[in-house]
Amino acid sequence: MSMEFGVHFGVTREGEEVRELALDSGTISCRIITYGAALRTLDVPGREGPVDVVLGYDTLEEYETRGGYFGAVVGRCANRIAGGTFSLNGREYTLAVNDGPNHLHGGAVGYSHRVWQVEELTGSRAVLTLDSPDGEEGYPGHLRVRVTYALEGAALTIHYEGACDQDTPCNLTNHSYFNLAGQGSGPVLSQEIALCAASYTPADSTSIPLGSIDPVEDTPMDLRRPTPIGAHIGEVFQQLEWGHGYDHNFVVDGRPGVLRPAAWARSGATGVVLEMETTSPGVQFYTANFVEEGRRGKAGAVYGFRHGFCLESQHFPDSPNQPRFPSCILKAGERYSQTTRFCFSQG
């Protein structure tokens, strides 16, 4: 394969070659692997030089075996579906159950564990595609997915597209773990977070929404002003106890379908500021509550409990079973479109 399609990164256990693609805007740079269309590195300007702000691995074997969805594009349906079942057009569908009693991030072999094809690669833009056949992981319809990573100045934009020949749930996101002090620098509890969300969807002990949309006001879920991630994470509050910290869907203020502010974060150690915008109705704020201590990462780094945070732009969890939530059903012949942008600065 020519250099225009990146460099060799490894071969999967099934014998498929995985490539690594390098993008550079002149201000920020990143590396993406075709396994899971995963964002493996993201270097942004810090106070004392470039900082790699996403967790990841150095080898394909680690991506295949260690889990955690580090940097991956997840689908066909991100987050959880209760009991691995949903009804659509009068028919019940059964999906893989891979998270306790529930279906998570597309199932046993979701898009995070597939090798994507490179459609286009330039110095600052990569387009990856995936064909998801009818019945894959139990989902209806042949879904064709296209994800574009584009760097411009200090911004990374991820644009998701999809089209299917049958009605199907479709909910794609990127599962990067951010650490704005630098990957491998330890817990993120002192880093500040602000979410543009006046409400959230409370969940049960298996992280399935209870069906209500509740205000964050007067609860530890109120992160509308910059707040250290660790400020309230240990408070006696059932939602935080059940989630072992933050692992919740927040309802992004404003109108879904419009690119609008969703989150802000900052590290005092490096001065790196992240501003996130999305067209999605929600964002899952997750504080790496299930990353075990001692997990080996990139460049000799050692990861552990709360060593990163995720901002997963999405439809709400269990949307196919929750009539009050915005629908994640992609109609046959229509086009799925979702855009999320991460802008970096110093502050």
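Reading guide: rules and limits
- Residues numbered from 1 in each chain as written.
- Predicted model: local features only at pLDDT ≥ 70, side-chain atom pairs only at ≥ 80, totals over all residues.
- Heavy atoms only, no water.
- Salt bridge = Lys/Arg side-chain N within 4 Å of Asp/Glu carboxyl O.
- Helix = DSSP H or I, 4+ residues; strand = E, 2+ residues; numbered from the N terminus.
- Buried < 20%, exposed > 50% of the residue type's maximum accessible area, 1.4 Å probe, protein only.
- 1 Å grid on protein atoms, 1.4 Å probe; cavity = no way out; pocket = protein on both sides within 12 Å on 5 of 7 lines; lining within 4 Å.
- Points joined across faces, edges and corners; volume = space filled by probe spheres on them.
- Nonpolar A, V, L, I, M, F, W, Y, C, P; charged D, E, K, R; others polar.
- Contact = heavy atoms within 4.5 Å.
- Polar contact = N/O pair within 3.5 Å; in protein donor to acceptor, adjacent residues only side chain to side chain.
- Pairing = 2+ DSSP bridges.
- Phe/Tyr/Trp six-rings, centres within 6.5 Å; stacked < 30°, edge-to-face > 60°.
- Axes fitted to C-alpha atoms, helices over the stretch in contact; angles between N-to-C directions.

## Brief notes about the pattern of salt bridges
The full count for this structure, using the stated rule, is 19 salt bridges. Asp247 is paired through a salt bridge with Arg80; the nearest N and O atoms lie 3.9 Å apart. With Asp247 in strand S21 (residues 247-251) and Arg80 in strand S7 (residues 80-81), the pair connects residues that are 167 residues apart, well separated along the chain. Assigned by exposure class, Asp247 and Arg80 land together as buried. Salt bridges sharing common partners tie together Glu20, Arg31, Arg40 and Asp58.

## A few points about the layout of surface pockets
There is about 390 Å³ of room inside the largest pocket. Together, 25 residues line the largest pocket, and Arg80, Asp99, Leu104, Tyr286 and Phe290 are the ones closest to its centre. Listed by contribution, the elements that provide at least two residues to the lining of the largest pocket are helix H2 (238-243) and strand S24 (282-286). Its residues assigned to classes, the lining of the largest pocket shows nine nonpolar, 11 polar and five charged. Size it by volume and the second largest pocket reaches roughly 240 Å³. Looking at the second largest pocket, it is lined by 18 residues, and the ones nearest its centre are Pro281, His315, Tyr336, Ser337 and Gln338. Elements supplying a minimum of two residues to the lining of the second largest pocket: strand S28 (329-330) and strand S29 (335-346). With four residues, the single largest contributor to the lining of the second largest pocket is S29. For the lining of the second largest pocket, a count of residues per class yields eight nonpolar, 10 polar and no charged.

## Quick word on the environment of Asp167
Within the secondary structure layout, Asp167 lies in the loop between strand S14 (155-164) and strand S15 (168-169). Each C-alpha atom of the pair Asp167 and Ala332 lies 4.8 Å from the other, and the pair is 165 residues apart in sequence. When sequence neighbours within four positions are dropped, the list of residues in contact with Asp167 reads Leu88, Asn89, Pro140, Ile329, Leu330, Lys331 and Ala332. Side-chain polar atoms of Asp167 contact the side chain of Asn89, separated by 3.1 Å.

## With respect to the pairing of strand S17 (residues 192-195)
Relative to strand S20 (residues 227-228), S17 runs antiparallel, the two sharing two bridges. Considered in S20, the bridge of Glu192 is made with Pro228. With four bridges connecting them, S17 and strand S22 (residues 260-266) associate as antiparallel partners. Looking at the pairing, Ala194 lines up with Trp264 of S22.

## Topic: the environment of Arg47
Here Arg47 shows up in the loop between strand S4 (38-46) and strand S5 (49-52). On the basis of relative accessible area, Arg47 is assigned to the partly exposed category, the value being 45%. Measuring from C-alpha to C-alpha, the distance between Arg47 and Gly347 comes to 9.2 Å, with 300 residues separating the pair along the chain. Non-local contacts of Arg47, meaning those with residues more than four positions away in its chain, are made with Arg266, Gly268, Ala269, Thr270, Gly271, Gln346 and Gly347.

## Some thoughts on the packing of aromatic side chains
The full count for this structure, using the stated rule, is 15 aromatic pairs. Arranged with centres 5.2 Å apart and planes meeting at 50°, the rings of Phe178 and Phe342 form a pair that is tilted. Of this pair, Phe178 sits in the loop between strand S16 (173-174) and S17 while Phe342 sits in strand S29, and the two are 164 residues apart along the sequence. Accessibility expressed as a relative area gives 2% for Phe178, which makes it buried.

## Some points on the sheet that holds strand S27 (residues 310-314)
Pairing is antiparallel across the open sheet formed by five strands, whose spatial order is S19-S18-S21-S24-S27. For this open sheet the edge positions go to strand S19 (214-215) and S27, each flanked by a neighbour on one side alone.

## Section: the sheet that holds S4
Ordered in space as S1-S2-S3-S4-S5, the five strands form an open sheet in which the pairing is antiparallel. Edge positions in the sheet fall to strand S1 (7-11) and S5, since each has one partner strand and no second. Sheet twist, expressed as the average angle between the axes of neighbouring strands with direction ignored, equals 20°. In this structure, S4 lies alongside S5, joined through four bridges in antiparallel fashion. Across the sheet, Pro45 pairs through a bridge with Pro50, a residue of S5.

Without other data, these values stay purely geometric and don't point to any function.
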